[in-house]
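Remarks on the overall topology
Each chain, letter by letter, is given below.
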Amino acid sequence: MADGELTSVAIDLPAMRVSYEQGALYESDLATTWAQQLQRWLDDARRAGVAEPNAMVLATANPDGVPSSRTVLAKGLDERGVVFFTNYTSTKSHDLMSTRYASATFPWYDLHRQATVRGTVEKVSPDETAKYWASRPRGSQLGAWASPQSSVVPGRQALDSALANIQRRFADTDVVPVPPHWGGWRIRPELVEFWQGRADRMHDRLRFKLIGDTWQIERVAP
Ligand SMILES: Cc1cc2nc3c(=O)[nH]c(=O)nc-3n(C[C@H](O)[C@H](O)[C@H](O)COP(=O)(O)O)c2cc1C
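I will try to describe carefully the structure that is included in this document.

Rules used in this analysis
The numbering scheme is per chain: residues are counted from 1 as the chain's sequence reads. Only residues with pLDDT of at least 70 are given local features in this predicted model, and only at 80 or more are side-chain atom pairs given and counted; all residues enter the totals for whole chains, interfaces and linings. For the side-chain quantities, the full set of heavy atoms in the structure was used; hydrogens and water were omitted. Think of it this way: one heavy atom of a residue within 4 Å of a molecule or strand is enough to make that residue near it. Residues adjacent in sequence count toward polar contacts only when both atoms are side-chain atoms; beyond that, a polar contact is any pair of N or O atoms within 3.5 Å, and within protein one must be able to donate a hydrogen and the other to accept it. In these tables, accessible area is a Shrake-Rupley quantity obtained with a 1.4 Å probe, and a residue counts as shielded only by the protein chains included in the view. Side-chain atoms within 4.5 Å are what join buried Ala, Val, Leu, Ile, Met, Phe, Trp, Tyr and Cys residues into a set we call a nonpolar core. For every residue, the accessible area obtained with a 1.4 Å probe (protein chains only) is divided by the maximum for its type, and the residue is called buried under 20%, exposed over 50%, and partly exposed between those limits. The helix and strand labels rest on DSSP assignments: H or I over at least four residues marks a helix, E over at least two residues marks a strand, and numbering proceeds from the N terminus. Put plainly, a pocket is an open set of points on a 1 Å grid over the protein atoms alone with protein on both sides within 12 Å along at least five of seven lines, a cavity is a set where a 1.4 Å probe fits but cannot get out, and a lining residue has an atom within 4 Å of a point. Grid points are joined across faces, edges and corners, and a volume is the space filled by probe spheres set on the points. Each residue gets one label: Ala, Val, Leu, Ile, Met, Phe, Trp, Tyr, Cys and Pro are nonpolar, Asp, Glu, Lys and Arg are charged, and the others, such as Gly, are polar.

Lining the immediate environment of the ligand, one finds Glu52, Arg70, Thr71, Val72, Leu73, Phe85, Thr86, Ser90, Thr91, Lys92, Gln149 and Ser150. Between the ligand and leucine 73, the relevant distance is 3.0 Å, taken from an oxygen atom to a main-chain nitrogen or oxygen of the residue. In this structure, threonine 91 approaches the ligand through a main-chain N or O atom, which is 3.3 Å from an oxygen atom. Coverage of the ligand by the protein chains reaches 63% of its 620 Å² of free accessible surface.

Turning to the nonpolar core, a few remarks are in order. Among the nonpolar cores identified, the biggest contains 31 residues, and Leu38, Met56, Phe106, Trp108 and Ile187 are the most heavily contacted of them. Within the residue set of this core, elements represented by two or more residues are helix H1 (34–47), strand S1 (55–61), strand S2 (67–78), strand S3 (81–87), strand S4 (101–108), strand S5 (113–123), strand S6 (182–196) and strand S7 (204–211). Residue contributions to this core peak at 6 residues, all from H1. Counting residues in hydrophobic clusters, the runner-up holds 13 residues, among them Val83, Trp133, Trp145 and Ile166.

What follows covers the layout of surface pockets. Approximately 330 Å³ is the volume found for the largest pocket. Along the wall of the largest pocket there are 15 residues; nearest its centre are Phe85, Thr86, Arg136, Gln149 and Trp182. Of all the elements in the fold, those that place two or more residues in the lining of the largest pocket are S2, S3 and helix H4 (138–146). The greatest single-element share of the lining of the largest pocket, amounting to 4 residues, is contributed by S2. Partitioned by chemical class, the residues of the lining of the largest pocket number 6 nonpolar, 6 polar and 3 charged. Taken as a whole, the second largest pocket spans an internal volume of roughly 170 Å³. Taken together, Lys75, Gly76, Leu77, Asp78, Arg80, Gly81, Val83, Phe85, Glu128, Lys131, Tyr132 and Arg186 make up the full set of residues lining the second largest pocket. Elements that contribute at least two residues to the lining of the second largest pocket include exactly S2, S3 and helix H3 (126–135). It is S2 that contributes the most residues to the lining of the second largest pocket, 4 residues altogether.

Treat this as a map of the structure, not an account of what it does.
Okay, structure coming up:
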């Protein structure tokens, strides 16, 4: 067996290939603003039955430049930016607090599309967090209290007992408050790229780019 070879290879990765021929993206197709265009593609993904169309892969870096990425759910979108909610003591939040930059990609593979937003980040207002928090199921609210997200824990048991403690703590409370360590981040894009797969790997890539205070459209090679 050659160095690094897997003993049983069940999947032929080099042979996995999809031809992208579902559509095209021309300058004349774009909505007036990046937010309207992103809304349009999110809606296309929802109507096409894509699983979790608002899921985006969020990339951050720590102060040494070490990157990490994970999926989060976009829960807000307007001309100011894209909002997601998380634990403010997590790895991603530590990264965001120190670098103030993020990039997030919506991967809509079924539509041969992706969209990426990149820009500075800010915490959303406590009011905005409270409004979204109130819409979450009680179980998710209690989980957010119980989980020291991104911390190493001794085992599953520690998580289960943390949740049980929180359930007891709030047993007589109808309205679970927002934990102090939890809230939203807004990515305020400086660059938003819409990618549509095309035949022969000659994909369409159109970008809204903020120059000063005006958005410009540019096409980049695939
Ligand atoms: C589909 C999907 C959606 C997720 N949505 C969120 C989310 O909205 N917020 C969040 O904090 N974590 C979410 N997660 C979990 C994150 O991917 C990640 O494990 C967690 O936030 C810890 O990341 P960190 O340690 O890099 O900070 C989601 C995971 C998946 C697979």
